[in-house]
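Listed below, chain by chain, are the residues.
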Amino acid sequence: MLAVEKKKKYTVADYMLLEEGAPFQLINYDLVMSPAANPVHQAIVARLSQLILNFLELKNIGGYTAGTVDVVFDEGNVLQPDFLYIAPEREADIVKNKIEGAPDLAIEILSPSNAYYDLRQKKDVYEKYGVREYVIIDPIVQTIELYALMDGKYYLHKKAKKPEHLDSLVLAGFTFDLNKIFR
């Protein structure tokens, strides 16, 4: 277990000393604590997971999906996207005892305690390490923004508001149906 000493910089080694399930992420060498997600956040994660998993099964696509799992990007960044997808051809290289490297798709659901990190710091890490598609869901205004990676930089591919929808670029044929996500 990590001692309760305040350090200037924490590393993956420090992070791995935390108890499993501890409410921390390692963002730019800083341990960032988050409270447990609220019921609306968790309901959106559940609906979104179900929609994506049903799509993958129907299309027999495969790959790795998870919610709130450690993703190690470098010595100073261990992030936990609300949902991620790794394409089947990359799964063996990335999925080990923990996820080591960039998923193909990362989804974050904003809440008051995490919005700054999701919109700024985590987005920068995802961009730097090549997460091909970054989706930000805002349950308050019921919008979804899809950022796509082009030439190493994110651009806003599309923003949709309920009752609209938007199509994933990484999961060709999958549509984020905002009516189903925001019930």
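This one's a predicted model, so the numbers in the text were calculated from it and none came from an experiment.

About the criteria used
Residues numbered from 1 in each chain as written. Predicted model: local features only at pLDDT ≥ 70, side-chain atom pairs only at ≥ 80, totals over all residues. Heavy atoms only, no water. Helix = DSSP H or I, 4+ residues; strand = E, 2+ residues; numbered from the N terminus. Rg over C-alpha atoms; globule rule 2.2 N^0.38 Å. Buried < 20%, exposed > 50% of the residue type's maximum accessible area, 1.4 Å probe, protein only. Contact = heavy atoms within 4.5 Å. Areas by Shrake-Rupley, 256 points an atom, 1.4 Å probe, with all protein chains shown as cover. Lys, Arg positive; Asp, Glu negative; His and termini not counted. Charge placed at Lys NZ, Arg CZ, Asp CG, Glu CD. Polar contact = N/O pair within 3.5 Å; in protein donor to acceptor, adjacent residues only side chain to side chain. Pairing = 2+ DSSP bridges. Axes fitted to C-alpha atoms, helices over the stretch in contact; angles between N-to-C directions. Core = buried A, V, L, I, M, F, W, Y, C linked by side-chain atoms within 4.5 Å. Expected span 1.5 Å × (residues − 1). Salt bridge = Lys/Arg side-chain N within 4 Å of Asp/Glu carboxyl O.

As a further point, take the overall build of the protein. For the protein, the count of helices and strands is 5 helices and 13 strands. Relative to the 2.2 N^0.38 estimate, which gives 16 Å for 183 residues, the radius of gyration of the protein is 16 Å and therefore close to what a compact globule would have. Of all 183 residues assigned to the protein, the portion counted as buried reaches 45%. Within the protein, contacts between residues separated by at least 24 positions form 49% of all contacts whose residues are at least 6 apart in sequence. For the protein, the exposed surface amounts to about 9,800 Å²; the carbon and sulfur share of it is 52%. A distance of 5 Å separates the average location of the 21 positive side-chain charges in the protein from that of its 26 negative side-chain charges.

Backbone torsion omega between Lys162 and Pro163 reads 20°, so that peptide bond is classified as cis. Looking at the secondary structure, you find Pro163 in the loop between strand S11 (153–161) and strand S12 (165–167). Positive phi values are uncommon outside glycine, yet Thr68 reaches one of about 45°. Summarising the element assignment, Thr68 is placed in the loop between strand S3 (64–66) and strand S4 (71–74). Residues other than glycine seldom take positive phi values, yet Asp151 does so here, at roughly 55°.

This part covers the side chain of Ser168. Counting through the fold element by element, Ser168 comes out in the loop between S12 and strand S13 (175–177). The exposure class of Ser168 is buried, given its relative accessible area of 6%. In this structure the side chain of Ser168 is engaged in a polar contact, spanning 2.8 Å, whose partner is the side chain of Glu133. Leaving out residues up to four positions away in the same chain, Ser168 has contacts with Glu133, Leu146, Phe174 and Phe176.

It is worth spelling out the sheet that holds strand S9 (residues 133–138) at this point. Remark on secondary structure: sheet strands pair via backbone hydrogen bonds, oriented parallel or antiparallel. Strand order in this open sheet of 6 strands is S3-S6-S8-S9-S10-S11, and the pairing throughout is mixed. This sheet does not close on itself; its edge strands, each paired only once, are S3 and S11. Adjacent strand axes in the sheet meet at a mean angle of 15° when their direction is disregarded. Where S3 and strand S6 (residues 83–86) come together, 3 bridges link them in antiparallel fashion.

Here we come to the nonpolar core. Among the nonpolar cores identified, the biggest contains 26 residues, and Ile52, Ile107, Val135, Ile137, Ile144, Leu171 and Phe176 are the most heavily contacted of them. Mapped onto this core, the elements with two or more residues apiece are helix H2 (39–59), S6, strand S8 (105–109), S9, strand S10 (143–150) and helix H5 (178–181). Sorting elements by how many residues they give to this core places H2 first, with 6 residues. If we ignore the near neighbours within four places in the chain, the residues touching Ile144 are Val135, Ile136, Ile137, Lys158, Lys159, Ala160, Leu166, Phe176, Leu178, Ile181 and Phe182.

On to H2, then. In this model H2 runs 30 Å from its N-terminal to its C-terminal C-alpha over 21 residues, within 8% of the 30 Å that 1.5 Å per residue would give. Those residues of H2 that sit buried are His41, Ile44, Val45, Arg47, Leu48, Ser49, Ile52, Phe55 and Leu56. Taken together, the buried residues of H2 touch S3, S6, S8, S9, S13 and H5. Capping the start of H2, Asn38 holds a side-chain oxygen 3.1 Å from the backbone nitrogen of Val40, two or three residues further along. Count one or two residues on from H2 and you reach Asn60, which has phi positive near 55°.

A separate point is the pattern of salt bridges. For the structure shown, the criterion picks out 6 salt bridges. As a salt-bridge pair, Arg132 and Asp104 come within 3.3 Å of each other at their nearest N and O atoms. Of the two residues, Arg132 is situated in the loop between helix H4 (115–128) and S9 and Asp104 in the loop between strand S7 (99–100) and S8; the sequence distance between them amounts to 28 residues. Notably, a salt bridge pairs Lys159 with Glu145, separated by 3.5 Å at the nearest N-O pair.

These figures capture arrangement, not role.
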